[in-house]
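Report on the structure
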Amino acid sequence: METKCRLCPVECGADRSIQCGACGADNTVRVAKYGLHPFEEPCISAKYGSGTVFFSGCALRCVFCQNYKISRAAAGEAYDAKSLARIFRELEEQGAENINLVTASHYVPQLLQAFREYKPKIPVVYNTHSYEKLEVLQALDKYIDVYLPDMKYFSPKISARYTGKSNYFEYASRAVEFMARRECEFDGEKMVRGCIVRHLILPLCTDDSLKIVQWFADLRSPAYFSLMGQYTPCGDIENFPELKRRITPREYKKVRDFVFDCGIERLFLQKLEAADSRFIPDFSADTKTLF
Ligand code: SF4
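Residues numbered from 1 in each chain as written. Predicted model: local features only at pLDDT ≥ 70, side-chain atom pairs only at ≥ 80, totals over all residues. Heavy atoms only, no water.

Describing unusual backbone geometry
Inclusion rule: Elements are defined by DSSP. Helices are runs of H or I of four residues or more, strands are runs of E of two residues or more, and each kind is numbered from the N terminus.
The backbone phi angle of E11 is positive, close to 45°, even though this residue is not glycine. Take E11: it is sitting in the segment before strand 1 (29-37). Even without glycine at this site, L204 takes up a positive phi of about 65°. Mapped onto the elements of the fold, L204 is located in the loop between strand 8 (190-200) and helix 8 (206-219).

Rendered as structure tokens:
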């Protein structure tokens, strides 16, 4: 049996039965926190909040990650397939609108086991940085109702600068194209099936944002586009002076106007006022709730 992990495009080859890979994860699933999230897109958080499960570790590792504390380390509690399935049930009982799996791509084999234990009765949302292999997404596809992929970088130079990976767009574009094919369905205001492609505008990166918007428009997919202006300086940005400020109203307007010019109508716009650390979950161990 293959023991070297090649689950994600990093292909670091770690034997996760004895060590952590470049994503910071070994074979034990670690969940940093879970709970009801009121600040996702309105059709995801809906009335009672999205039942969000934050997994520890990450294969992409953006320097400005707003979940930096949990994306870099094997933080949080250990779970096996049965106890992960118990989290799904618990969130359902709390009234969650859906089960929202955040950055879980390095745990896909364990997720498949958890879904065989228990398939939630509410929609399952797959919330990803999109640095994914297509065959891994395809294996998970039958368990996912709503895709929530980020489309972060177009330029290999920018993705290399902020993640160390110049091939981000190569993988993410294929992954998002696959996820964005899904037709959207709603139950009232709540999305129960479909895809929302998110893009976060970064300081000094508006030209890259325009290329992503154009790329998305050219897909002509049934997916929604969510333009996010919430960038908040976070993470390990000491050596990245351009990342030490929020985006300006002018940067936001430039990208937003281009979204309109491209005729993208299935759209969520996150206002600049959302750029506040109060909207970032509190990952300290001593609080039970996300905010
Ligand atoms: S999922 Fe983690 S261990 Fe596996 S190849 Fe990617 S970075 Fe390496």
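Having seen the structure, we can now continue with the description.
Remarks on the site of the ligand
The condition is simple: To be near a molecule or strand, a residue needs just one of its heavy atoms within 4 Å of it. A cavity here means a set of points on a 1 Å grid, drawn over the protein atoms and nothing else, where a 1.4 Å probe fits but cannot get out; a pocket is an open set with protein on both sides within 12 Å along at least five of seven lines, and a residue lines either one if it has an atom within 4 Å of a point. To be counted as sitting in a cavity or pocket, a molecule needs more than half of its atoms within 2 Å of that site's grid points. Think of it as three bins: nonpolar holds Ala, Val, Leu, Ile, Met, Phe, Trp, Tyr, Cys and Pro, charged holds Asp, Glu, Lys and Arg, and polar takes everything else, Gly as well.
Every residue near the ligand is listed here: C5, R6, L7, C8, V10, E11, C12, R16, G21, A22, C23 and H106. Here the ligand occupies the largest cavity. Here the shell around the ligand is built from residues that sort into seven nonpolar, two polar and three charged.

Structural notes on empty space enclosed by the protein
Put simply, the test is: Grid points are joined across faces, edges and corners, and a volume is the space filled by probe spheres set on the points.
Enumeration over the complete set of coordinates arrives at two cavities of 30 Å³ or more. Put simply, the largest cavity is a space of about 90 Å³. Together, C5, L7, C8, V10, E11, C12, R16, G21, A22, C23, A59 and H106 line the largest cavity. Residues of the lining of the largest cavity, tallied by class, amount to eight nonpolar, two polar and two charged.

Concerning the pattern of salt bridges
Any two side chains of opposite charge can pair, so long as their charged atoms come close to each other. Stated formally: Salt bridge, as used here, is a side-chain nitrogen of Lys or Arg placed within 4 Å of a carboxyl oxygen of Asp or Glu. Burial classes follow relative accessibility: with a 1.4 Å probe on protein chains only, a residue under 20% of its type's maximum area counts as buried, one over 50% as exposed, and anything between as partly exposed.
This model, assessed by the stated rule, comprises 14 salt bridges. Close ionic contact of E117 with K82 constitutes a salt bridge, the shortest N to O distance being 3.7 Å. Of this pair, E117 sits in helix 4 (residues 108-117) while K82 sits in helix 3 (residues 81-93); the two residues are 35 residues apart in sequence, bridging distant segments of the chain. The exposure class assigned to E117 is partly exposed, which follows from its relative accessible area of 38%. A salt bridge links E97 to K190, with the shortest nitrogen-to-oxygen separation between them at 3.3 Å. Separated by 93 residues along the polypeptide, E97 in the loop between helix 3 and strand 4 (99-102) and K190 in strand 8 bring together distant segments of the chain.

Just geometry here; none of it tells us what the structure is for.
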